[in-house]
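# Commentary on secondary and tertiary structure
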Amino acid sequence: MSAVSKFFQSKFGIWSGFAGAAVALFGIMPLLLSGFRLGLFAQFLCYAIVAVGIGLAWGRGGMLTLGQGVYFGMGAYLMAMHLKMADAEFRNGPGAVPDFMELAGIRSLPAYWAPFASPVFTIAAILILPTAFAVLLGLAVFKRRVKGAYFAILSQALAGAFAILLIGQQSLGGFNGISRFQYFFGYTINDPVNQQMLYFIVAAVLLAVVALSLQLRRSRYGELLVAVRDSEERVRFLGYDSANIKVVAYAVAALLASIAGALFVPVVGIISPASIGIVPSIMFILGVAIGGRASLLGPVIGALAVAWAQTTLSEQFPSAWTYAQGLLFIVVIALLPGGIASIPALAKRFRFKNNAEAVEATA
Amino acid sequence: MDMLVGQLLTGLSTGSILLLAALGLSLTYGQMGVINMAHGEFIMAGCYTAYVTQQVIGDAGVSLLIALPIGFLVGGLMGFILEALLIRRLYHRPLDTLLVTFGVGLILQQVARDSFGAQAVNVSVPEFLRGGVDILGTTLPKTRLFIMALAIVAVTAVTLVLRFTPAGRRIRAVVGNRDLAETAGISTRKVDAATFFIGSGLAGIAGVALTLIGSTSPTTGQSYLVDAFLVVVAGGMGRIKGAVIAAVALGTLQAVFETNSTASLAKVGVFIVIVVFLQLRPQGLFTLRTRSLA
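Residues numbered from 1 in each chain as written. Chains lettered and ligands numbered in written order. Predicted model: local features only at pLDDT ≥ 70, side-chain atom pairs only at ≥ 80, totals over all residues.

The next subject is the overall build of chain B. When helices and strands are tallied, chain B shows 11 helices and two strands. The helix and strand sequence of chain B, counted from the amino end, reads α-α-α-α-β-β-α-α-α-α-α-α-α. In terms of overall size, chain B behaves like a compact globule, its C-alpha atoms giving a radius of gyration of 19 Å where 294 residues would be expected to give roughly 19 Å. Seen through its principal axes, chain B has C-alpha atoms that stretch 55 × 45 × 35 Å. Put simply, chain B has 294 residues, and 50% of those count as buried. Counting only contacts in chain B whose residues sit at least 6 apart along the sequence, the fraction spanning at least 24 positions is 78%. (Helix = DSSP H or I, 4+ residues; strand = E, 2+ residues; numbered from the N terminus. Rg over C-alpha atoms; globule rule 2.2 N^0.38 Å. Buried ≥ 20, exposed ≤ 12 C-beta atoms within 10 Å, placed from the backbone. Contact = placed C-beta atoms within 7 Å.)

Structural data, given as structure tokens:
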């Protein structure tokens, strides 16, 4: 173990790592990036929050979840419903119908919208609903020992079904989704100061989420999770219920995706089925794979890199970017399954081997 | 009564479409445990094969009949190359295979977009398949009947090949017990390549047939892939019989849900049914009995 990595494993190192990240996120980035770019960066940070969850479920728990878009979408739509209700209430008084519904010809508010006028209810729903759904689905799937590829396919089918379901709901904006928000808990969204505030919220949540992930990794539970990933039968033979262990990781990943979705809506200003279906869900995976699925910061860095590449390259070279995405999937996963995070270790082993050869040659 | 018959027939026809798309998968996924996300793109390749053949030949009837074997070859060769270059190296990492082949699928989609355009193209239906046939008071388009017939032929052919030819025997041996088969002198590498060729070729045939009922775009394959996977999951690994029953059952379910609610709710309904079904039979309808833990 090199001196650098040893330093970051120590208590002092972890604190200084977080402090450094906080300085970079809160101090340096707002200076470097103008208002529009800072908003874009906040959007990337939302993806990074999803990535932390995937890193936990897939990298540490071995559950390849191809349906995180479902939870991302749940959080996003729940938040969007509240923002729309608040906007409508501000314009036309309590119980008013949001503007996109008026356009779609819906005269009275659907019953399930009404509770979302309350911010407390909305936030509780964002935290509880997706998590509860993930626990239920996780119990149904993992208790019956459906795993590996079966689980991956099921989670993907779920994302597909969810997106199709949303397209069919005119009271949720249908194909176009929900957009044009004016207020975020009473603050005008278009105000640059408030946008910077939103960025700070997202950055703070990301730091908290990374801390949570770190805590989970270092706990006894984290050890068990890795054990389940590497040899589920053995863990079961030791008397643990491996299904429960997996459900927890899956539910935490769902919760993180939901929070990210809820933050995504005010930051980006639109949520539609196109950003939560099968393809966006699998794209979440790409960043995690590139960064290093099992490492702490790999998913974050990978997600940021992919999102950045996507926005800068996809408009100028849409065709080339798709080829690059495909190639990245192939090259990274086939040749570098540990992602960028594994490069130092690989380099060290390579150097080691060369040294060994050199020793043999001289002997 | 009429409505029930109608729904059953629609179910059968949806089921046979699913079955055509899933048959190749149940060979490669079901028998080899390889999840090939590019399977949908092989279907798409079959669709474009039909399109190109028709552009070259012109006569819709002749080109359809020629496109079927060509589609098999195109799909099969793509699968063969994919297996030789990538999948062979990843046999022990099924989840990674899934992601790698998804990357391959992305690239193939973009290739199709760059060479045929993002706009959907249409293949004209031959004269003898236009119109419908009345069965028990329900009108079924002839194209759907053709697809049903094709699905039956394909299933029969695969079953016969697996059961009665030496190559099929080798495939079954490798599926049953890879190590023992190898000890008995069977080249598992060659068998894997052959299985992949056949499975992917079936995707090509499915693609050619699907041009009869819909237009072709670079993302055509993707729309069939998830449903096809669900068929294999519900049917159980390694069983053609399971795939047939699951395809028909899911097709009928979808038809029944769709007439009683909307198409979007139908997808959700089918998903819920599958999750509940897996509660009862986690390994699918039919399973190969093994003592392995996996």
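Read on for the rest.
Moving on: the nonpolar core. In terms of nonpolar packing, the biggest core is built from 193 residues, with I49 and L256 of chain A together with L20, A22 and V231 of chain B touching the most fellow members. Among the elements that take part in this core, helix α11 (residues 242-268) of chain A stands out by supplying 20 residues, more than any other. Residue contacts for A22 of chain B: discarding those within four places in its chain leaves A228, V231, V232, A243 and A247 of chain B. (Core = buried A, V, L, I, M, F, W, Y, C linked by C-beta atoms within 7 Å.)

Another point: helix α6 (residues 119-142) of chain A. Over its 24 residues, α6 of chain A extends 34 Å from the first C-alpha to the last, a length consistent with the 34 Å expected when each residue adds 1.5 Å. The axis of α6 of chain A is deflected most strongly, by about 30°, at A125 of chain A. (Expected span 1.5 Å × (residues − 1). Bend = angle between axes of the 7 residues up to and from the residue.)

Once that is clear, we can look at the confidence of the model for chain A. When pLDDT is averaged along chain A, the result is 88; 95% of the residues meet or exceed 70. Within chain A, α11 of chain A carries the highest mean pLDDT (96), whereas helix α15 (residues 343-362) of chain A carries the lowest (65). (pLDDT = per-residue confidence, 0-100.)

By a frequent convention, interface size equals the accessible area lost on bringing the separate parts together. Taken together, the contact pairs 36 residues of chain A with 32 residues of chain B. Of all the secondary-structure elements, those providing two or more residues to the side of chain A that touches chain B are α7 (149-167), α12 (278-291) and α14 (318-335) of chain A. Here the element with the most residues in the side of chain A that touches chain B is α7 of chain A; it accounts for 12 residues. Looking at side-chain class alone, the side of chain A that touches chain B contains 25 nonpolar, eight polar and three charged residues. (Nonpolar A, V, L, I, M, F, W, Y, C, P; charged D, E, K, R; others polar.)

To continue, consider the pairing of strand β2 (residues 138-141) of chain B. Side chains on a regular strand alternate between the two faces of the sheet. Residues and elements named next belong to chain B. Where strand β1 (residues 132-135) lies against β2, four bridges are found, and the strand directions are antiparallel. Each bridged residue has a counterpart across the sheet, and for D134 the counterpart in β2 is T139. Hairpin geometry of β1 and β2 is characterised by an intervening segment of two residues between the two adjacent antiparallel strands and by a positive phi of about 50° at L136. (Pairing = 2+ DSSP bridges.)

Residues and elements named next belong to chain B. By the secondary structure assignment, Q222 is in helix α9 (residues 220-235). Residue Q222 is classed as buried on the basis of its C-beta count, with 20 C-beta atoms lying within 10 Å. Along the chain, Q222 and V248 lie 26 residues apart, while their C-alpha atoms are 20 Å from each other.

Residue and element names in this part refer to chain B. UniProt feature "transmembrane region" (unreviewed entry): in the numbering of this structure it lies at residues 64-87, 145-162, 196-216, 228-250 and 262-280. Within residues 64-87, the helical portion is 92% and the strand portion 0%, while the C-alpha atoms at the span's ends are 31 Å from each other. End C-alpha atoms of residues 145-162 are separated by 26 Å, and the span's content is 100% helix alongside 0% strand. (UniProt positions renumbered as here; feature names shortened; annotations may be inferred.)

Attention now moves to unusual backbone geometry. Even without being glycine, R180 of chain A reaches a positive phi, approximately 55°. Position of R180 of chain A among the secondary structure elements: in the loop between β1 (178-179) and β2 (183-184).

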